[in-house]
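Close look at the chain arrangement
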Amino acid sequence: MRACETSAAYVRVCGREGRPVWGRIRGGPQTLVGFRRVELQDAGSFLSAGGRPRPCPKEAMPQTSIICSSVLGPSCSGQVPPGMGERGGGAGGSGDLIFQDGRLISGSLEALMEHLVPTVDYYPDRTYIFTFLLSSRVFMPPHDLLARVGQIYLEQRQQLEAGSEKAMLKSFSAKIVQLLKEWTEAFPCDFQDEKAMAELKAITHRIMQCDEENGTVKKAIAQLTQSLLLSLAARSQLQELREKLRSPAVDKGPILKAKPPASQKDILGVCCDPLVLAQQLTHIELERVSSIHPQDLMQIVSHTDSRDKHRCRGDPTKTYSLEAYDNWFNCLSMLVATEVCRVVKKKQRTRMLEFFIDVARECFNIGNFNSMMAIISGMNLSPVARLKKTWSKVKTAKFDVLEHHMDPSSNFCNYRTALQGATQRSQMANSSREKIVIPVFNLFVKDIYFLHKIHTNHLPNGHINFKKFWEISRQIHEFMTWTRVECPFEKDKKIQNYLLTAPIYSEEALFIASFESEGPENHMEKDSWKTLRTTLLNRA
């Protein structure tokens, strides 16, 4: 059957070496209402020739499965459906999405936005919704995207009203409301911005105006709005949370005597059970990491892109939760070092080191890798590591095992293997205890940043490299899944209060306490000790 004898419309896709390949739209031109997510049958079977499709040579067949977001060639009637011309583009141009093995790998920003908005017979995959809403902020602020969604909605509605598709309006409106619901649930912080909230109100107002008799849609909008307002109200306590997450006070110690009075309480006086302390650390970790939102993590990749001169830059205020959580790691490391160095007697210091080794091991068993790494880092700080006489009394077999897990060689291969095991355990878990996975946060951040740096945001044809954002989104989504786990351990306020408020020594005070415990052993240490004494005496 010749192409011109069919009633189907054709679209042009990109074949090998950029050759235009034509395919027939499954279902005919009527499936083009909304003109997105059209499915090609006989893709690659036709090639444009003099304005008419003809059989395509085998070598011009596309290597990937491509679904265009707009019709680029004429139908057999020679007419392009209404509205198609404004969004058209050549292969690799502004109007197409490119799929490989059934997965979207690139597209123009406009085509990706159109792919987000439902049609009468199409609703975007939830994974795509999350990924695009998350990654789009690299290229434009959420309120601009919301405004574009509103425009696409109106354009589609006008087409439905102009045609014979009025019966489908109810279903179409319900799908738009569902998209807005998913947006407000996944990224409620977007609507702290007055512009975004205004755009949301404008879209929902238009929907209710046009669907006055649709009680189901009105009810869904009311529920959406109420849930969003409740979520924003909870987040209005952010300032209070920030005060709670402030760093512990730094104890610079006396001028030359860093040792505390014998009566001063230490961690062993508050909690002598390594498992209990590990559980309380896990409580703190989960509470703090829960303040991080997906869009906060996207600040890692929100840097100036020369192709996007007008897009929004990263908002420094949104990096606070990242910095606060990273600061907790540093404070825990310094607290461990402080607890060890300020102990007067060698026997007690040995016991303190062995206690923290056991705590780190319990953290590992729980799946709390962040606290485990912080404890190991604290014991590896120079003021602690140099205490050779103390370490000689420590049974280091357990510590060696922990250091093996955190060995930085081969890009922390051992840690990543352990993390993968904990992840698999979490996925198969039947209890909250088995679901806990708290990765080493600074390594997670480095992984996201590395993904961002080795892959460009745009491909040579101008398309957004969506394959890159799929992977970044996958890792962020997995991280967010871990943060939502409810801590199953009983909270001990006394222990947590000590961990969060106990004064920690400054680096100088740590070295003073360390030298007072075990004197300088070589010329370098003697010079450091002399310099410290001189500096502190001059301050006095």
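Calculation notes
- Residues numbered from 1 in each chain as written.
- Predicted model: local features only at pLDDT ≥ 70, side-chain atom pairs only at ≥ 80, totals over all residues.
- Heavy atoms only, no water.
- Helix = DSSP H or I, 4+ residues; strand = E, 2+ residues; numbered from the N terminus.
- Polar contact = N/O pair within 3.5 Å; in protein donor to acceptor, adjacent residues only side chain to side chain.
- Contact = heavy atoms within 4.5 Å.
- Expected span 1.5 Å × (residues − 1).
- Buried < 20%, exposed > 50% of the residue type's maximum accessible area, 1.4 Å probe, protein only.
- Pairing = 2+ DSSP bridges.
- Axes fitted to C-alpha atoms, helices over the stretch in contact; angles between N-to-C directions.
- Parallel < 35°, antiparallel > 145°, perpendicular 65-115°, else oblique.
- Left-handed = near helix turned anticlockwise from the far one by under 90°.
- Nonpolar A, V, L, I, M, F, W, Y, C, P; charged D, E, K, R; others polar.
- Phe/Tyr/Trp six-rings, centres within 6.5 Å; stacked < 30°, edge-to-face > 60°.
- Lys NZ or Arg CZ within 6 Å of the ring centre and 35° of its normal.
- Salt bridge = Lys/Arg side-chain N within 4 Å of Asp/Glu carboxyl O.

It is worth spelling out the side chain of Thr-338 at this point. Along the chain, the position of Thr-338 falls in helix 11 (residues 320-341). Only 2.9 Å separates the side chain of Thr-338 from the backbone nitrogen of Tyr-505, close enough to count as a polar contact. If sequence neighbours within four positions are ignored, Thr-338 has contacts with Pro-503, Ile-504, Tyr-505 and Leu-510.

So, about helix 20 (residues 466-483). Every α-helical turn comprises 3.6 residues, leaving residues that sit three or four positions apart pointing alike. Between the first and last C-alpha of helix 20 there are 25 Å, a value that for 18 residues agrees with the 26 Å anticipated at 1.5 Å per step. Restricting attention to buried positions, one finds in helix 20 the residues Phe-466, Lys-468, Phe-469, Trp-470, Ile-472, Ser-473, Gln-475, Ile-476, Phe-479, Met-480, Trp-482 and Thr-483.

Of all the five residues making up strand 7 (residues 103-107), four are buried; the element is thus mostly covered by neighbouring parts of the structure. Note: strand 6 (residues 96-100) against strand 7, four bridges, orientation antiparallel. Each residue of the ladder has a partner; that of Gln-100, found in strand 7, is Arg-103. Taking the residues between adjacent antiparallel strands as the criterion, strand 6 and strand 7 are bridged by two residues, where Asp-101 takes a positive phi near 55°.

This part takes up the environment of Leu-134. With respect to the helices and strands, the residue Leu-134 is situated in helix 2 (residues 126-135). Under the relative-accessibility criterion, Leu-134 is labelled buried at 0%. Separated by 162 residues in the primary sequence, Leu-134 and Asp-296 place their C-alpha atoms 9.9 Å from one another. Among all residues touching Leu-134, those that are not within four sequence positions of it are Phe-187, Pro-294, Gln-295, Met-298, Ser-473 and Ile-476.

This part takes up the environment of Phe-364. Relative to the helices and strands, Phe-364 is located in helix 12 (residues 346-366). It is 9.0 Å that separates the C-alpha atoms of Phe-364 and Ala-278, two residues lying 86 residues apart in sequence. If near-sequence neighbours (up to four positions away) are discounted, Phe-364 is found in contact with Phe-369, Met-372, His-405 and Ala-418.

Moving on: the packing of helix 9 (residues 274-289) against helix 21 (residues 493-501). The packing of two helices is summarised by the inter-axis angle and the distance between the axes. Viewed as axis vectors pointing N to C, helix 9 and helix 21 meet at an angle of 65°, and their least axial separation amounts to 10 Å. Here helix 9 is positioned roughly perpendicular relative to helix 21, judged by the angle of their axes. Once helix 9 is placed against helix 21, the crossing between them reads as right-handed. The residues of helix 21 that touch helix 9, namely those facing Val-276, Leu-277, Gln-280, Leu-281, His-283, Ile-284, Glu-287 and Arg-288, are Ile-495, Gln-496, Leu-499 and Leu-500. When its residues are assigned to classes, the contact of helix 9 with helix 21 shows seven nonpolar, three polar and two charged.

Moving on, we come to the packing of aromatic side chains. Within a pair of aromatic rings, the relevant descriptors are the distance that separates the centres and the angle that separates the planes. All told, the structure shown has 18 aromatic pairs when counted by the stated rule. An angle of 45° between the planes, with centres 5.3 Å apart, marks the rings of Trp-391 and Phe-399 as tilted. Overall, Phe-399 belongs to the buried group, its relative accessible area being 5%. Centroid distance Phe-441 to Phe-479: 5.9 Å. Interplanar angle 40°. Geometry classified as tilted. Of the two residues, Phe-441 sits in helix 19 (residues 441-454) while Phe-479 sits in helix 20, which places them 38 residues apart along the sequence. Pair check on accessibility: Phe-441 and Phe-479 agree, each one buried. These aromatic residues form a ring-pair network of at least three members: Tyr-128, Phe-132, Phe-466 and Trp-470. Directly above the aromatic system of Trp-470 lies the positively charged group of Arg-103, at a separation of 4.3 Å from the ring centroid. When the ring centre of Phe-187 is taken as origin, the NZ or CZ atom of Arg-137, which lies over that ring, is 5.0 Å away.

What follows covers the packing of helix 5 (residues 194-210) against helix 6 (residues 215-235). Two numbers describe how helix 5 lies on helix 6: the axes approach to 10 Å, and their chain directions differ by 165°. By the angle between their directions, the pair helix 5 and helix 6 is classed as roughly antiparallel. Two packed elements cross with a definite hand, and for helix 5 against helix 6 that hand is left-handed. Only Val-217, Lys-218, Ile-221, Leu-224, Leu-228, Leu-229 and Leu-232 of helix 6 make contact with helix 5, whose side of the interface consists of Met-197, Leu-200, Thr-204, Ile-207 and Met-208. Among the residues making up the contact of helix 5 with helix 6, the classes are represented as 10 nonpolar, one polar and one charged.

Attention shifts here to the pattern of salt bridges. Following the criterion strictly, the structure yields 12 salt bridges and no others. A salt bridge links Glu-182 to Arg-126; the nearest nitrogen and oxygen atoms lie 3.2 Å apart. Residue Glu-182 is found in helix 4 (residues 169-186), and its partner Arg-126 is found in helix 2; the two are separated by 56 residues along the sequence. Take Glu-182: its relative accessible area is 8%, and that puts it in the buried class. When its relative accessible area of 59% is taken as the criterion, Arg-126 is described as exposed. For the salt bridge of Arg-342 with Glu-339, the shortest nitrogen-to-oxygen distance reads 3.7 Å. We classify Glu-339 as buried; its relative accessible area is 1%.

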